[in-house]
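One letter stands for each residue in the lines below.
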Amino acid sequence: MTEQPSNVETTEKPDESVPDRNMILGWLKEEIMLARDKTRADNPGKNTIRIQWSRTVIMGCSAYLQGLHDRELDELAADIQAIKVHVGMVEK
């Protein structure tokens, strides 16, 4: 994963990606819940399948939490930008 230096401006506005991210997070949450239900289903003879569903839930939760973290960072960046505009460090 490559990171951009903080002094480089991007052409994409954070607000443009938020609806897509929220939609994807919604889908991911639904899929995690479905996988979790399959993990808890009563299939005593199929333990290897249960393990695979458990791994799916763990990986899904990891991706979901990363998406939430990214959304939080975008919100904080927007707040910082608003503060900079308010104190006169940056023009609108």
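### Topic: the overall build of the chain
No. 1: The number of helices and strands found in the chain is 2 helices and 0 strands.
No. 2: Going through the 92 residues of the chain one by one, you find that 11% of them count as buried.
No. 3: Restricting to contacts in the chain with at least 6 residues of sequence separation, those with at least 24 account for 53%.
No. 4: When the accessible surface of the chain is totalled, it reaches about 8,100 Å², and 57% of it is carbon and sulfur.

### Quick notes on the pattern of salt bridges
No. 1: One pass over the full model with this rule turns up 1 salt bridge.
No. 2: Among the salt bridges present, the one from Asp74 reaches Arg21, with a minimum N-O distance of 2.8 Å. Within this pair, whereas Asp74 is found in helix α2 (residues 47-87), its partner Arg21 is found in helix α1 (residues 14-40), the two being separated by 53 residues in sequence.
No. 3: Residue Asp74 is classed as partly exposed on the basis of its relative accessible area, which comes to 22%.

### Digging into the nonpolar core
No. 1: Listed in full, the 5 residues of the largest apolar core are Leu25, Ile32, Ala35, Val57 and Tyr64.
No. 2: Among the elements of the structure, α1 and α2 are those that each provide at least two residues to this core.
No. 3: Here this core gets 3 residues from one element, more than from any other, and that element is α1.

### Regarding a nonpolar patch on the surface
No. 1: Together, Met23, Ile24 and Trp27 make up an exposed nonpolar region whose accessible area comes to about 330 Å².
No. 2: One can find Ile24 in helix α1.

### Observations concerning α2
No. 1: Given a rise of 1.5 Å per residue, 41 residues ought to cover 60 Å, and the 60 Å separating the end C-alpha atoms of α2 matches this to within 8%.
No. 2: Considered for burial, the residues of α2 that qualify are Val57, Gly60, Tyr64 and Gly67.
No. 3: Immediately beyond the C-terminal end of α2, within one or two residues, lies Gly88, with a positive phi of roughly 90°.

### Focus on the environment of Tyr64
No. 1: Within the secondary structure, Tyr64 is located in helix α2.
No. 2: Once residues lying within four places of it in the same chain are set aside, the contact partners of Tyr64 are Leu25, Leu28, Lys29 and Ile32.

### Considerations on the environment of Arg55
No. 1: Among the structural elements, Arg55 can be located in helix α2.
No. 2: Distance in space between the C-alpha atoms of Arg55 and Thr39 is 9.4 Å, their sequence separation being 16 residues.

### Regarding the confidence of the model for the chain
Detail in the predicted coordinates should be disregarded across regions flagged by low pLDDT.
No. 1: Taken over all residues, the pLDDT of the chain has a mean of 79, while the share at 70 or more is 74%.
No. 2: A low-confidence stretch, residues 1-11 stays under pLDDT 50, and its non-local contacts, those more than four residues away or across chains, total 1 contact.

The rules behind these values
- Residues numbered from 1 in each chain as written.
- Predicted model: local features only at pLDDT ≥ 70, side-chain atom pairs only at ≥ 80, totals over all residues.
- Heavy atoms only, no water.
- Helix = DSSP H or I, 4+ residues; strand = E, 2+ residues; numbered from the N terminus.
- Buried < 20%, exposed > 50% of the residue type's maximum accessible area, 1.4 Å probe, protein only.
- Contact = heavy atoms within 4.5 Å.
- Areas by Shrake-Rupley, 256 points an atom, 1.4 Å probe, with all protein chains shown as cover.
- Salt bridge = Lys/Arg side-chain N within 4 Å of Asp/Glu carboxyl O.
- Core = buried A, V, L, I, M, F, W, Y, C linked by side-chain atoms within 4.5 Å.
- Patch = residues over 30% accessible without salt bridge, like charges linked within 9 Å, V, L, I, M, F, W, Y side chains within 5 Å.
- Expected span 1.5 Å × (residues − 1).
- pLDDT = per-residue confidence, 0-100.

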